[in-house]
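A look at the structure
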There are 2 protein chains.
Amino acid sequence: MACQTRVSEAVIRRLPVYYRHLQELEQMGVERISSRELGDKMHYTASQIRQDINCFGGFGQQGYGYHVPSLRRHMASILGLEKTYSAVLIGAGNIGRAVSNYKGFEQDGILIRAVFDKDPDLVGLNCGPFIIKPYDELDEYLEQNPMDIGIIAVPAEAAQSVADRIIECGISAIWNFAPVDIQHPDSVVSTHVHLTDSLHILTYLMNEEALFNEIDARAKVAQIDAESEE
Amino acid sequence: MACQTRVSEAVIRRLPVYYRHLQELEQMGVERISSRELGDKMHYTASQIRQDINCFGGFGQQGYGYHVPSLRRHMASILGLEKTYSAVLIGAGNIGRAVSNYKGFEQDGILIRAVFDKDPDLVGLNCGPFIIKPYDELDEYLEQNPMDIGIIAVPAEAAQSVADRIIECGISAIWNFAPVDIQHPDSVVSTHVHLTDSLHILTYLMNEEALFNEIDARAKVAQIDAESEE
């Protein structure tokens, strides 16, 4: 995500988190929730919640909280989840297989239509419900079947050339699983799945206490030094 | 991530992003970078960058920018990436296979030691460089080989019971790929990989222009209505 957006990247990153929590609340049968309760659940402040929601025009909180199913639908519509999208998956390795087998995407309206791979040993085999097609036939396929989203699940070194190719074939939205940033024109949108980010947050959390013990101890020494100089 | 942390969740979420960009800059041979240049690259403001870095004690920007390799190492140490961690992977499905095959984790000091699965058809087969062990033997294995991190890559309905079990066996850090939130005591830390979040951000970006055209048009109508009432 590196394009010019109408709302800040921080707000955009929170939108799917709202959506997930609202889905959960709706499934639990919760009818109404105040911005404060929603904030507590998501570890944001009530005022941040109200500000975020107001970024997209008013959505009335009628004194006694948001109506959960309405806010969930509102959020789905902001996220573009009320439409359906056709997608082509390039790369039938482990990540590609996991993606093509994951049932949740279809609920969100993402319909994978075909899977391509370069490896002749994989072509013709199954990948989820698909028969893997040869990468050589991608251009022709996309010409006959224009797709909304290209899912890139190839090794790092192949990712840019795959991106260039599908963009040339008219795809303007890329979901990138390759561990490398992809360059593309501003007319194309993309998001990048960084598995290591959540791993690094985990190792941070594992070490936070020790880290701040050290920082606090250093600050104390600095203070003692400063006082002894006075 | 739902525990009490010393810095805000928003700051913590940005740390891996800093680390990635600094790694990239270092690999490109960049020696120094100002908070402004780093901000431009990451789409944050210079002041946010300085504030974030200052959360962890001072890190001098000496008039002419941050020293990239030093800041990269500083960030690695904040993220706990200067240590090594042993990990056990539960679930040898597509996600489990992708994780066990991914070489990048080892660079970060995450050493997967064993892979377990419940499915008797999978036990004994290879999963990356591992032979899949039976889930029944997990307790005994963890008793003899205490692990730092448990990686959960099982279906949603099995995730909580796997989490309960590994926590009981002494694991206090969970990297969860199952599409469901896991409950655990405060003494345990966890992060959750939500693949759909990045997909929802992508669909948002695909629709943002149309969304704001609609919001702007509604606002205009509301303004005209208000003016005609005056």
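Quick look at the structure, then. Just so we're clear, the structure is a prediction, and the values are computed from it rather than from any experiment.

**Remarks on the overall build of chain A**
Each helix and strand counted, chain A has 9 helices and 10 strands in total. The C-alpha atoms of chain A give 23 Å as radius of gyration, which overshoots the globular expectation for 230 residues (17 Å, by more than 25%). Each principal axis of the C-alpha distribution contributes one length, and for chain A these read about 75 × 50 × 30 Å. Burial status across chain A gives 49% buried among its 230 residues. A fraction of 56% describes how many contacts in chain A between residues 6 or more apart in sequence connect residues 24 or more apart. For chain A, the accessible area works out to roughly 11,400 Å², and carbon and sulfur atoms hold 47% of it. Of the side-chain charges in chain A, 19 are positive and 33 negative, and the distance between the mean point of each set is 9 Å.

**Structural notes on the nonpolar core**
In terms of nonpolar packing, the biggest core is built from 110 residues, with Phe 56, Trp 175 and Tyr 204 of chain A together with Phe 56, Trp 175 and Tyr 204 of chain B touching the most fellow members. Setting aside residues up to four positions removed in sequence, Trp 175 of chain B forms contacts with Leu 195, Ser 198, Leu 199 and Leu 202 of chain A together with Val 99, Phe 105, Ile 149, Gly 150, Ile 151, Ile 152, Thr 191 and Val 193 of chain B.

**Notes on the interface of chain B and chain A**
Contact with chain B, which involves 68 residues of that partner, is made by 68 residues of chain A. Approximately 6,000 Å² of surface area, both sides summed, lies buried where chain B meets chain A, with 67% of it carried by carbon and sulfur atoms. The three residues of chain B that bury the most area against chain A are Arg 6, His 200 and Tyr 204 of chain B, which together make up 10% of that side's buried surface. Viewed at the interface, chain A and chain B are joined by 4 salt bridges. On inspection of chain B and its partner chain A, the count reaches 22 residue pairs in polar contact (both at pLDDT 80 or more). Secondary-structure elements contributing two or more residues to the side of chain B that touches chain A are α1 (9-27), α5 (94-101), β9 (173-176), β10 (189-192) and α9 (195-229) of chain B. Sort the elements by how many residues they give to the side of chain B that touches chain A and α9 of chain B lands first, with 19 residues. The class makeup of the residues in the side of chain B that touches chain A is 39 nonpolar, 15 polar and 14 charged.

**Topic: the pairing of strand β4 (residues 110-117) of chain A**
Consecutive residues of a regular strand have side chains that alternate between opposite faces of the sheet. Residues and elements named next belong to chain A. Among the 8 residues that make up β4, 6 are buried, leaving the element largely enclosed by the rest of the structure. By the bridge criterion, 6 bridges tie strand β3 (residues 85-90) to β4 in an arrangement that is parallel. Paired with Tyr 85 across the two strands is Ile 110, which belongs to β4. Across 2 bridges, the pairing between β4 and strand β7 (residues 133-134) is parallel.

**Brief notes about the sheet that holds strand β8 (residues 149-152) of chain A**
The 6 strands lie next to each other as β7-β4-β3-β8-β9-β10 (chain A), forming an open sheet whose pairing is parallel. A single partner strand is all that each edge strand has here, and the edge strands are β7 and β10 (189-192) of chain A. Here α9 of chain B sits on the sheet in contact with β3, β4, β8, β9 (173-176) and β10 of chain A, set at roughly 165° to β10 of chain A.

**Comments concerning the packing of α1 of chain B against helix α3 (residues 46-54) of chain B**
Residues and elements named next belong to chain B. Running from N to C, α1 and α3 point in directions that differ by 100°, and their axes come no closer than 11 Å. Comparing their axes, α3 and α1 come out roughly perpendicular. For the pair α1 and α3, contact is made by Val 11, Arg 14 and Tyr 18 and by Gln 48, Ile 49 and Asp 52, respectively. Broken down by class, the residue content of the contact of α1 with α3 amounts to 3 nonpolar, 1 polar and 2 charged.

**Focus on the side chain of Asp 52 of chain B**
Residues and elements named next belong to chain B. Tracing the chain through its elements places Asp 52 in helix α3. Here Asp 52 falls in the buried class, since its relative accessible area comes to 3%. In terms of polar contacts, Asp 52 uses its side chain to reach the side chain of Arg 14, at 2.6 Å. Of note is the side chain of Asp 52, whose polar atom sits 2.7 Å from the side chain of Tyr 18. Residue contacts for Asp 52: discarding those within four places in its chain leaves Val 11, Arg 14 and Tyr 18.

**Observations concerning the relation of the copies chain B and chain A**
Each of the two chain copies can be generated from the other by rotation about an axis followed by a shift along it. For the pair chain B and chain A, the best superposition has an RMSD of 0.0 Å and corresponds to a rotation of 180° with a translation of 0.0 Å parallel to the axis. Taken together, the rotation and translation describe the operation of a two-fold axis. Relative to the rotation axis, the closest C-alpha in chain B is found at Asn 94 of chain B, a distance of 2.7 Å. An overlap of 100% is found between the interface residues of chain B and their copies at the interface of chain A, pointing to a shared contact surface.

**With respect to the packing of aromatic side chains**
Per the stated rule, a full pass over the model turns up 14 aromatic pairs over all chains. Ring centres of Phe 56 of chain A and Tyr 204 of chain B lie 6.0 Å apart, and the angle between their planes is 85°; on these two criteria the pair is classed as edge-to-face. Remark: Tyr 204 of chain B occurs in helix α9 and Phe 56 of chain A occurs in the loop between α3 (46-54) and β2 (66-67); the pair is interchain, linking two chains. Assigned by exposure class, Phe 56 of chain A and Tyr 204 of chain B land together as buried. Considering the side-chain rings of Tyr 18 of chain B and Tyr 44 of chain B, the 6.3 Å spacing of their centres and the 55° angle between planes classify their relative orientation as tilted. Highlighted residues: Tyr 18 of chain B in helix α1 and Tyr 44 of chain B in the loop between α2 (35-42) and α3, separated in sequence by 26 residues. Across the pair, Tyr 44 of chain B and Tyr 18 of chain B agree in class, each one buried. Taken together, Tyr 102, Phe 105, Trp 175 and Phe 177 of chain A form an aromatic cluster joined through their ring pairs. The side chain of Arg 14 of chain A reaches across the aromatic face of Tyr 44 of chain A, ending 5.6 Å from its centre. Over the aromatic face of Tyr 135 of chain B sits the side chain of Arg 165 of chain B, whose NZ or CZ is 4.4 Å from the ring centroid.

About the thresholds
Residue positions are given per chain, counted from 1 along the sequence in the order it is written. To read the labels, note that chains go from A and ligands from 1, taken in the order they are written. Reporting of local features is limited, given that this is a predicted model, to residues whose pLDDT is at least 70; pairs of side-chain atoms are given and counted only at 80 or more, and all residues count toward the totals for whole chains, interfaces and linings. Side-chain figures throughout are based on the complete set of non-hydrogen atoms in the structure, without hydrogens or water. Only DSSP runs of H or I reaching four residues or more are called helices, and only runs of E reaching two or more are called strands; each is numbered from the N terminus. In this setup the radius of gyration rests on C-alpha atoms only. A globule is expected at 2.2 Å times the number of residues raised to 0.38. Each residue is assigned to one of three classes by its accessible area relative to the maximum for its type, calculated with a 1.4 Å probe on protein chains only: buried under 20%, partly exposed between the two thresholds, exposed over 50%. Here, two residues are considered to be in contact whenever any of their heavy atoms come within 4.5 Å of each other. Each accessible area is a Shrake-Rupley result for a 1.4 Å probe, and residues are judged covered by the shown protein chains and nothing else. Charge convention: Lys and Arg are scored as positive, Asp and Glu as negative, and His as well as the terminal groups of each chain are ignored. For charged residues, the charge sits on one atom: NZ in Lys, CZ in Arg, CG in Asp, CD in Glu. The term nonpolar core refers to a set of buried residues drawn from Ala, Val, Leu, Ile, Met, Phe, Trp, Tyr and Cys, joined through side-chain atoms within 4.5 Å. Accessible area that two parts lose when put together, with a 1.4 Å probe and added across both, is what the buried area reports. Criterion for a salt bridge: a side-chain nitrogen of Lys or Arg within 4 Å of a carboxyl oxygen of Asp or Glu. Under this definition, polar contacts are N or O atom pairs within 3.5 Å; protein pairs additionally need one hydrogen-donor-capable and one acceptor-capable atom, and for neighbouring residues in sequence, both atoms have to be side-chain atoms. Gly counts as polar in this scheme, as do all residues outside two lists: the nonpolar Ala, Val, Leu, Ile, Met, Phe, Trp, Tyr, Cys and Pro, and the charged Asp, Glu, Lys and Arg. Should DSSP find at least two bridges between two strands, the strands are taken to pair. Angles shown run from 0 to 180 degrees and are taken between the N-to-C directions of axes, each axis being a line fitted to C-alpha atoms and, for helices, limited to the stretch in contact. Here the word oblique covers every angle except those under 35 degrees (roughly parallel), over 145 (roughly antiparallel) and from 65 to 115 (roughly perpendicular). Copy-to-copy alignment: least squares on C-alpha atoms, limited to residues at pLDDT 70 or above in both. We call Phe, Tyr and Trp rings a pair once their centres come within 6.5 Å, taking the six-membered ring for Trp, and we label the pair stacked below 30 degrees between planes, edge-to-face above 60, and tilted otherwise. Put simply, a charge is over a ring when the Lys NZ or the Arg CZ is close to the ring centre, within 6 Å, and near the line of the ring normal, within 35 degrees.

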